[in-house]
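Fold and contact review
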Amino acid sequence: MTTAESADPPIAALAAILDEEMALYRRLEALAAAQAEALREDALDRLGAISAEQLALIAELHEQERRRRDLVEPGATLTDLIAAWGAPADVLAARRDALLAQIERVREANARNRALIATLLDYQRERLQLALHEQALYDADGQVRPAPLRGLVDRRA
């Protein structure tokens, strides 16, 4: 007899796991917000701590996923189980929908952080290029670069 046909499906256990996953994803969303703030403030020490926390939460999510899979037959999806168990599993449907919405919020926050990181990297690359360009003795074609003229124009005039 499969889990879907079982007289006593593990609805309460699955609901508890979904609740724990929801809490973990909420924490990931909060960490994504803290990560964005740390990126804007150039707080590298905080970024390291946040990354470590994120990795720990991801490991916990993997454990919850393993626990969830252990409760049901291999290959069964939550959607399949909800359909097979009928009305008693409606509580799982609501939790699944809320969890999927929370996961989407985390994805969006991570996408914003990736864009912020890309922007900051581009900015740093540009600064580095400017610094290297000003100090270079040779142009890209190998010709000696003339020294920049400074102080010829009095800005106060």
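Fair warning: this is a prediction, and the values are worked out from it, not measured in the lab. Counting restarts for each chain: residues are numbered from 1 in the order of the written sequence. At least 70 in pLDDT is required for a residue's local features to be given in this predicted model, at least 80 for side-chain atom pairs to be given and counted, and no such filter applies to totals for whole chains, interfaces and linings, which use all residues. Note: side-chain values were computed over all heavy atoms of the structure, leaving out hydrogens and water.

1. What to know about the overall build of the protein chain
The number of helices and strands found in the protein chain is 4 helices and 0 strands. Numbering goes from the N terminus for both helices and strands, where a helix is a DSSP run of H or I of at least four residues and a strand is a run of E of at least two. Beginning at the N terminus, the succession of helices and strands in the protein chain can be written as α-α-α-α. Any residue under 20% of the maximum accessible area for its type is buried, any over 50% is exposed, and the rest in between are partly exposed; the area is computed with a 1.4 Å probe on protein chains only. A total of 157 residues make up the protein chain; the buried ones form 27% of that total. Expressed as a percentage of contacts within the protein chain between residues at least 6 apart in sequence, the contacts between residues at least 24 apart total 68%. Carbon and sulfur atoms provide 56% of the accessible area of the protein chain, an area that totals close to 11000 Å². In what follows, a contact means two residues having at least one pair of non-hydrogen atoms within 4.5 Å. The Shrake-Rupley method, run with a 1.4 Å probe, gives the accessible areas here. Residue values count only the displayed protein chains as cover.

2. Some words on the pattern of salt bridges
Salt bridge, as used here, is a side-chain nitrogen of Lys or Arg placed within 4 Å of a carboxyl oxygen of Asp or Glu. Tallied over the entire structure, the rule returns 10 salt bridges. One salt bridge connects R68 with E65, and the closest N-O pair in it is separated by 2.7 Å. Taken together, the residues span about one helical turn, with R68 and E65 both in helix α2 (residues 44-71) at a distance of 3 residues. Look at E65 and you get partly exposed, because its relative accessible area is 31%. Its salt-bridge partner being R66, residue D70 comes within 2.4 Å of it at the nearest N-O pair. Of the two residues, D70 and R66 are both situated in helix α2; the distance of 4 residues between them amounts to about one turn of the helix.

3. Structural notes on α2
Its 28 residues place the ends of α2 41 Å apart at the C-alpha level, agreeing with the 40 Å of an ideal helix rising 1.5 Å per residue. What α2 keeps buried is the set L47, I50, Q54, L57, L61, Q64 and R68. Taken together, the buried residues of α2 touch α1 (11-41) and α3 (78-85). A helix is expected to reach a length of 1.5 Å times the quantity of its residues less one.

4. Observations regarding α1
An α-helical segment advances 3.6 residues per turn. Residues three or four places apart therefore align on the same side. Compared with an ideal rise of 1.5 Å per residue, which puts 31 residues at 45 Å, α1 spans 45 Å between its outermost C-alpha atoms and is within 8% of the ideal. Where α1 ends, the next residue or the one after it, D42, has phi of about 55°, a positive value.

5. Quick notes on the side chain of Q102
With respect to the helices and strands, the residue Q102 is situated in helix α4 (residues 90-135). Only 2.5 Å separates the side chain of Q102 from the side chain of R105, close enough to count as a polar contact. Ignoring anything within four residues of it in the chain, the contact list for Q102 reads M22, Y25, R26 and E29. Each polar contact in these results corresponds to two N or O atoms within 3.5 Å; when the atoms are within protein, one needs to be able to donate a hydrogen and the other to accept it, and residues that are neighboring in sequence are counted only if both atoms are side-chain atoms.

6. A look at the nonpolar core
By nonpolar core we mean a set of buried residues, namely Ala, Val, Leu, Ile, Met, Phe, Trp, Tyr and Cys, connected to one another through side-chain atoms within 4.5 Å. Y25, W85 and L92 are the most contacted members of the largest nonpolar core, which has 27 residues in total. Elements with a contribution of two residues or more to this core: α1, α2, α3 and α4. With 11 residues, α1 is the largest single contributor of residues to this core. For Y25, the contacting residues outside a window of four places in its chain are L61, L99, Q102, I103 and V106.

7. Considerations on the packing of α1 against α2
Helix axes are fitted only over the stretch in contact, all axes being lines through C-alpha atoms; the angle between N-to-C directions runs from 0 to 180 degrees. Running from N to C, α1 and α2 cross one another at 165°; their axes reach a closest spacing of 9 Å. As the angle between them shows, α1 and α2 are arranged roughly antiparallel. Note that α1 runs across α2; the crossing there is left-handed. Residues that form the contact of α1 with α2 fall into these classes: 17 nonpolar, 4 polar and 11 charged. Here is the rule for angles: anything less than 35 degrees is roughly parallel, anything more than 145 is roughly antiparallel, 65 through 115 is roughly perpendicular, and the remaining ranges are oblique. In a left-handed crossing the near helix is turned counterclockwise from the far helix by less than a right angle, and in a right-handed crossing that turn is clockwise. Three residue categories are used. Nonpolar comprises Ala, Val, Leu, Ile, Met, Phe, Trp, Tyr, Cys and Pro, charged comprises Asp, Glu, Lys and Arg, and polar comprises the others, including Gly.

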